[in-house]
Amino acid sequence: MASDRGQVSRTLYDLKSLDGRRLSPFGQRVHLALRHKDLGLDKVELVRFVDKDAIAFAKSQSVPVLVDGDKVVADSWRIANHLEDTYSDRPSLFGGEAGRALARYFNNWCGIWLTAEIASFILFDMLQHLDEEDRAYIRRTREPRFGPLESLNETREARLPSFRKTLDPLRLTVKQNGNLHGAEAGMADFMVAAAFHWAEQSSAFALLTSDDPLYSWSKRINGQSP
Ligand SMILES: N[C@@H](CCC(=O)N[C@@H](CS)C(=O)NCC(=O)O)C(=O)O
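Thresholds applied
- Residues numbered from 1 in each chain as written.
- Predicted model: local features only at pLDDT ≥ 70, side-chain atom pairs only at ≥ 80, totals over all residues.
- Heavy atoms only, no water.
- Pairing = 2+ DSSP bridges.
- Helix = DSSP H or I, 4+ residues; strand = E, 2+ residues; numbered from the N terminus.
- Axes fitted to C-alpha atoms, helices over the stretch in contact; angles between N-to-C directions.
- Contact = heavy atoms within 4.5 Å.
- Salt bridge = Lys/Arg side-chain N within 4 Å of Asp/Glu carboxyl O.
- Buried < 20%, exposed > 50% of the residue type's maximum accessible area, 1.4 Å probe, protein only.
- Core = buried A, V, L, I, M, F, W, Y, C linked by side-chain atoms within 4.5 Å.
- Domains from an automatic or database assignment.
- Near = heavy atom within 4 Å.
- Polar contact = N/O pair within 3.5 Å; in protein donor to acceptor, adjacent residues only side chain to side chain.
- Areas by Shrake-Rupley, 256 points an atom, 1.4 Å probe, with all protein chains shown as cover.

> Describe the pairing of strand β2 (residues 43–47), and please don't skip the residues or the numbers.
Here strand β1 (residues 10–15) runs beside β2; their pairing, made up of five bridges, is parallel. Opposite T11, over in β2, you have K43 as the bridge partner.

Structure below.
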(Lines give C-alpha, C1' and ligand atoms only; values in the text may rest on other atoms or scores of the structure.)
Protein backbone atom coordinates (compact mmCIF):
# COMPACT_ATOMS: atom_id res chain seq x y z
CA MET A 1 0.00 0.00 0.00
CA ALA A 2 2.65 2.45 -0.99
CA SER A 3 2.15 6.07 -1.84
CA ASP A 4 3.06 6.59 -5.47
CA ARG A 5 3.10 10.34 -5.86
CA GLY A 6 6.03 11.59 -3.91
CA GLN A 7 4.60 13.45 -0.95
CA VAL A 8 0.94 12.55 -1.48
CA SER A 9 -0.41 10.33 1.24
CA ARG A 10 -3.72 8.61 0.71
CA THR A 11 -6.14 7.27 3.31
CA LEU A 12 -9.48 5.56 2.72
CA TYR A 13 -12.16 5.44 5.40
CA ASP A 14 -14.13 2.28 4.82
CA LEU A 15 -16.61 0.13 6.70
CA LYS A 16 -15.41 -2.12 9.51
CA SER A 17 -16.59 -5.71 9.83
CA LEU A 18 -15.87 -8.24 12.55
CA ASP A 19 -13.84 -10.46 10.26
CA GLY A 20 -12.07 -8.30 7.69
CA ARG A 21 -14.83 -8.63 5.07
CA ARG A 22 -15.51 -5.69 2.78
CA LEU A 23 -19.13 -4.93 3.55
CA SER A 24 -19.49 -1.61 1.78
CA PRO A 25 -20.39 -1.71 -1.91
CA PHE A 26 -19.45 1.97 -2.05
CA GLY A 27 -16.06 1.34 -0.45
CA GLN A 28 -15.40 -1.55 -2.82
CA ARG A 29 -16.05 0.72 -5.83
CA VAL A 30 -13.33 3.03 -4.63
CA HIS A 31 -10.89 0.15 -4.16
CA LEU A 32 -11.60 -0.91 -7.75
CA ALA A 33 -11.23 2.64 -9.08
CA LEU A 34 -7.89 3.08 -7.28
CA ARG A 35 -6.66 -0.23 -8.64
CA HIS A 36 -7.66 0.77 -12.18
CA LYS A 37 -5.62 3.95 -11.82
CA ASP A 38 -2.81 2.04 -10.16
CA LEU A 39 -2.98 4.30 -7.12
CA GLY A 40 -2.04 2.90 -3.74
CA LEU A 41 -3.35 3.59 -0.27
CA ASP A 42 -1.10 4.40 2.65
CA LYS A 43 -3.79 3.59 5.14
CA VAL A 44 -7.29 2.17 5.41
CA GLU A 45 -9.20 3.44 8.44
CA LEU A 46 -12.01 1.06 9.27
CA VAL A 47 -15.02 2.61 10.93
CA ARG A 48 -18.26 1.15 12.21
CA PHE A 49 -21.68 2.46 11.21
CA VAL A 50 -21.97 3.99 14.68
CA ASP A 51 -18.58 5.74 14.54
CA LYS A 52 -19.89 8.96 13.02
CA ASP A 53 -17.29 11.00 14.92
CA ALA A 54 -14.49 9.36 12.94
CA ILE A 55 -15.77 10.83 9.67
CA ALA A 56 -17.17 14.10 11.01
CA PHE A 57 -14.07 15.92 9.67
CA ALA A 58 -15.35 15.10 6.16
CA LYS A 59 -18.82 16.44 6.96
CA SER A 60 -20.15 13.03 6.02
CA GLN A 61 -22.44 10.52 7.68
CA SER A 62 -21.22 7.67 5.51
CA VAL A 63 -18.14 5.94 4.16
CA PRO A 64 -16.21 5.90 1.89
CA VAL A 65 -14.21 9.02 2.54
CA LEU A 66 -10.91 9.51 0.74
CA VAL A 67 -8.18 11.76 2.06
CA ASP A 68 -5.88 12.35 -0.87
CA GLY A 69 -3.01 14.60 0.21
CA ASP A 70 -4.75 17.69 1.56
CA LYS A 71 -8.02 16.94 -0.22
CA VAL A 72 -10.94 15.35 1.64
CA VAL A 73 -13.57 13.74 -0.59
CA ALA A 74 -16.70 11.99 0.66
CA ASP A 75 -19.12 9.93 -1.48
CA SER A 76 -17.94 7.27 -3.90
CA TRP A 77 -19.19 9.07 -7.02
CA ARG A 78 -17.42 12.26 -6.01
CA ILE A 79 -14.30 10.22 -5.21
CA ALA A 80 -14.38 8.62 -8.68
CA ASN A 81 -14.63 12.05 -10.28
CA HIS A 82 -11.84 13.38 -8.11
CA LEU A 83 -9.56 10.50 -9.13
CA GLU A 84 -10.43 10.89 -12.79
CA ASP A 85 -9.77 14.62 -12.82
CA THR A 86 -6.70 14.61 -10.56
CA TYR A 87 -4.99 11.64 -12.17
CA SER A 88 -5.99 12.26 -15.78
CA ASP A 89 -2.66 10.88 -17.01
CA ARG A 90 -3.59 7.42 -15.72
CA PRO A 91 -6.06 4.91 -17.20
CA SER A 92 -9.49 6.53 -17.45
CA LEU A 93 -12.43 5.49 -15.29
CA PHE A 94 -14.99 6.89 -17.71
CA GLY A 95 -13.42 6.95 -21.15
CA GLY A 96 -14.38 10.58 -21.74
CA GLU A 97 -17.34 12.83 -20.96
CA ALA A 98 -19.97 10.69 -22.68
CA GLY A 99 -18.79 7.71 -20.63
CA ARG A 100 -18.89 9.81 -17.46
CA ALA A 101 -22.45 10.89 -18.21
CA LEU A 102 -23.59 7.31 -18.82
CA ALA A 103 -21.73 6.05 -15.74
CA ARG A 104 -23.81 8.54 -13.73
CA TYR A 105 -26.88 6.55 -14.76
CA PHE A 106 -25.37 3.43 -13.19
CA ASN A 107 -24.49 5.37 -10.05
CA ASN A 108 -28.13 6.41 -9.76
CA TRP A 109 -29.42 2.95 -10.68
CA CYS A 110 -27.27 1.38 -7.97
CA GLY A 111 -28.15 4.04 -5.42
CA ILE A 112 -31.87 4.07 -6.06
CA TRP A 113 -32.58 0.46 -6.96
CA LEU A 114 -29.83 -2.18 -7.02
CA THR A 115 -28.40 -1.60 -3.55
CA ALA A 116 -31.81 -1.67 -1.85
CA GLU A 117 -32.84 -4.73 -3.83
CA ILE A 118 -29.66 -6.62 -2.92
CA ALA A 119 -30.05 -5.49 0.71
CA SER A 120 -33.44 -7.20 0.81
CA PHE A 121 -31.70 -10.53 0.13
CA ILE A 122 -28.62 -10.24 2.33
CA LEU A 123 -29.09 -7.66 5.08
CA PHE A 124 -30.14 -10.15 7.74
CA ASP A 125 -27.11 -12.35 7.01
CA MET A 126 -24.80 -9.33 7.00
CA LEU A 127 -25.59 -8.75 10.70
CA GLN A 128 -23.40 -11.70 11.67
CA HIS A 129 -20.34 -9.82 10.40
CA LEU A 130 -21.05 -6.70 12.49
CA ASP A 131 -20.58 -6.07 16.18
CA GLU A 132 -23.49 -5.67 18.55
CA GLU A 133 -23.71 -1.89 18.32
CA ASP A 134 -23.64 -1.90 14.52
CA ARG A 135 -26.24 -4.68 14.45
CA ALA A 136 -28.56 -2.61 16.59
CA TYR A 137 -27.86 0.43 14.38
CA ILE A 138 -28.74 -1.47 11.20
CA ARG A 139 -32.00 -2.72 12.69
CA ARG A 140 -32.88 0.74 13.98
CA THR A 141 -32.18 2.44 10.64
CA ARG A 142 -33.19 -0.23 8.10
CA GLU A 143 -36.22 -1.94 9.64
CA PRO A 144 -38.48 1.11 9.26
CA ARG A 145 -37.85 0.74 5.52
CA PHE A 146 -37.58 -3.03 5.02
CA GLY A 147 -39.63 -4.39 7.92
CA PRO A 148 -38.19 -7.05 10.27
CA LEU A 149 -34.99 -8.33 8.68
CA GLU A 150 -35.84 -11.96 9.51
CA SER A 151 -38.98 -11.68 7.36
CA LEU A 152 -36.87 -10.66 4.36
CA ASN A 153 -35.14 -14.03 4.47
CA GLU A 154 -38.47 -15.86 4.61
CA THR A 155 -39.55 -14.44 1.24
CA ARG A 156 -36.21 -14.22 -0.57
CA GLU A 157 -36.33 -17.57 -2.42
CA ALA A 158 -39.68 -16.58 -3.91
CA ARG A 159 -38.41 -13.12 -4.89
CA LEU A 160 -35.18 -14.34 -6.49
CA PRO A 161 -36.43 -15.30 -9.99
CA SER A 162 -37.91 -11.88 -10.63
CA PHE A 163 -34.74 -10.16 -9.36
CA ARG A 164 -32.63 -12.25 -11.73
CA LYS A 165 -34.98 -11.51 -14.62
CA THR A 166 -34.71 -7.77 -13.99
CA LEU A 167 -30.97 -8.09 -14.58
CA ASP A 168 -31.53 -9.19 -18.20
CA PRO A 169 -30.57 -5.83 -19.80
CA LEU A 170 -27.38 -5.78 -17.70
CA ARG A 171 -26.65 -9.42 -18.53
CA LEU A 172 -27.16 -8.89 -22.25
CA THR A 173 -25.00 -5.77 -22.32
CA VAL A 174 -22.14 -7.51 -20.52
CA LYS A 175 -22.50 -10.44 -22.90
CA GLN A 176 -22.46 -8.22 -25.98
CA ASN A 177 -19.83 -5.67 -24.86
CA GLY A 178 -17.60 -7.74 -22.60
CA ASN A 179 -18.12 -5.03 -19.94
CA LEU A 180 -20.58 -2.18 -19.47
CA HIS A 181 -17.92 0.25 -20.71
CA GLY A 182 -16.99 -1.97 -23.65
CA ALA A 183 -13.85 -4.01 -24.16
CA GLU A 184 -12.22 -2.34 -21.15
CA ALA A 185 -13.96 -2.15 -17.80
CA GLY A 186 -14.62 1.26 -16.27
CA MET A 187 -16.45 2.96 -13.43
CA ALA A 188 -19.92 1.68 -14.35
CA ASP A 189 -18.55 -1.87 -14.14
CA PHE A 190 -16.90 -1.11 -10.81
CA MET A 191 -20.09 0.33 -9.31
CA VAL A 192 -22.37 -2.53 -10.33
CA ALA A 193 -19.91 -5.37 -9.70
CA ALA A 194 -19.08 -3.91 -6.27
CA ALA A 195 -22.74 -4.38 -5.31
CA PHE A 196 -22.52 -8.09 -6.14
CA HIS A 197 -19.23 -8.30 -4.23
CA TRP A 198 -21.00 -6.86 -1.17
CA ALA A 199 -23.72 -9.52 -1.49
CA GLU A 200 -21.15 -12.26 -1.65
CA GLN A 201 -19.16 -10.93 1.29
CA SER A 202 -22.29 -10.60 3.41
CA SER A 203 -24.20 -13.78 2.72
CA ALA A 204 -23.92 -17.31 1.37
CA PHE A 205 -27.24 -16.81 -0.43
CA ALA A 206 -26.42 -16.96 -4.15
CA LEU A 207 -27.91 -14.06 -6.06
CA LEU A 208 -26.36 -15.25 -9.32
CA THR A 209 -25.88 -18.80 -10.55
CA SER A 210 -22.33 -19.78 -11.47
CA ASP A 211 -23.28 -20.15 -15.16
CA ASP A 212 -24.65 -16.61 -15.33
CA PRO A 213 -22.39 -14.31 -17.44
CA LEU A 214 -22.86 -11.71 -14.70
CA TYR A 215 -21.31 -14.11 -12.21
CA SER A 216 -18.00 -14.46 -14.07
CA TRP A 217 -18.00 -10.77 -15.04
CA SER A 218 -18.46 -9.72 -11.41
CA LYS A 219 -15.74 -12.09 -10.19
CA ARG A 220 -13.37 -10.77 -12.83
CA ILE A 221 -14.09 -7.11 -12.07
CA ASN A 222 -13.67 -7.70 -8.36
CA GLY A 223 -10.38 -9.44 -8.95
CA GLN A 224 -11.49 -12.88 -7.83
CA SER A 225 -11.03 -15.85 -10.12
CA PRO A 226 -14.37 -17.13 -11.48
N1 LIG B 1 -23.80 7.84 -1.75
C2 LIG B 1 -22.82 7.33 -0.84
C3 LIG B 1 -23.42 6.18 -0.06
C4 LIG B 1 -22.48 5.62 0.95
C5 LIG B 1 -23.14 4.70 1.96
O6 LIG B 1 -24.37 4.54 2.00
N7 LIG B 1 -22.30 4.08 2.79
C8 LIG B 1 -22.77 3.23 3.85
C9 LIG B 1 -21.86 2.03 4.01
S10 LIG B 1 -22.08 0.92 2.65
C11 LIG B 1 -22.72 4.02 5.14
O12 LIG B 1 -21.66 4.46 5.55
N13 LIG B 1 -23.87 4.23 5.75
C14 LIG B 1 -23.95 4.98 6.96
C15 LIG B 1 -25.26 4.83 7.64
O16 LIG B 1 -26.10 4.04 7.20
O17 LIG B 1 -25.42 5.51 8.66
C18 LIG B 1 -21.59 6.90 -1.63
O19 LIG B 1 -21.73 6.60 -2.83
O20 LIG B 1 -20.49 6.92 -1.10
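> I'd like a description of the sheet that holds strand β4 (residues 71–74), backed by residues and values.
Spatially, four strands are ordered β2-β1-β3-β4 in an open sheet, and the strand pairing comes out mixed. The open sheet has two free edges, formed respectively by β2 and β4, since each of these has just one partner strand. Mean inter-strand twist for the sheet, computed between neighbouring axes without regard to direction, equals 15°. Set on the sheet, helix α1 (residues 25–36) makes contact with β1 and β2; between it and β1 the angle comes to about 150°. Contacts from helix α2 (residues 76–86) reach β3 (65–68) and β4 within the one sheet, and its direction differs from that of β4 by about 140°.

> Residue-level account of the pattern of salt bridges, with values.
Working definition: two side chains of opposite charge can pair if their charged atoms are close together. Taken as a whole, this structure holds 16 salt bridges when the rule is applied. The salt bridge involving D19 is made with R21; its shortest N-O contact spans 3.2 Å. D19 gets classed as partly exposed once you look at its relative accessible area, which sits at 41%. Between R156 and D125 there is a salt bridge; the shortest N-O distance is 2.9 Å. Taken as a pair, R156 in helix α5 (residues 149–166) and D125 in helix α3 (residues 97–126) lie far apart in primary sequence, 31 residues in all. Considered together, R156 and D125 belong to a single accessibility category, that of buried residues. Through salt bridges that share partners, R48, D51, D131 and E133 make up one connected network.

> So, the nonpolar core: which residues are in play, and what are the values?
Taken as a class, soluble globular proteins show a tendency for nonpolar side chains to be buried jointly. By size, the foremost hydrophobic cluster in this structure holds 67 residues, and its most contacted members are L114, I118, V192, F196 and L207. Shared between two domains, this core takes at least three residues from each, and those domains are domain 1 (10–86) and domain 2 (97–221). When sequence neighbours within four positions are dropped, the list of residues in contact with V192 reads F106, W109, C110, L114, L170, L180 and W217.

> I'd like a rundown of the site of the ligand, residues and numbers included.
The environment of the ligand is made up of 13 residues, and the closest members are K52, V63, D75, S76 and Y137. Contact between the ligand and K52: an oxygen atom at 2.7 Å from a side-chain N or O atom of the residue. S76 has a polar side-chain atom sitting 2.6 Å from an oxygen atom of the ligand. Considering the ligand on its own, with 520 Å² of exposed area, one finds that the protein chains cover 79% of that surface. Secondary structure elements with two or more residues in the shell around the ligand: α1 and α4 (132–146).

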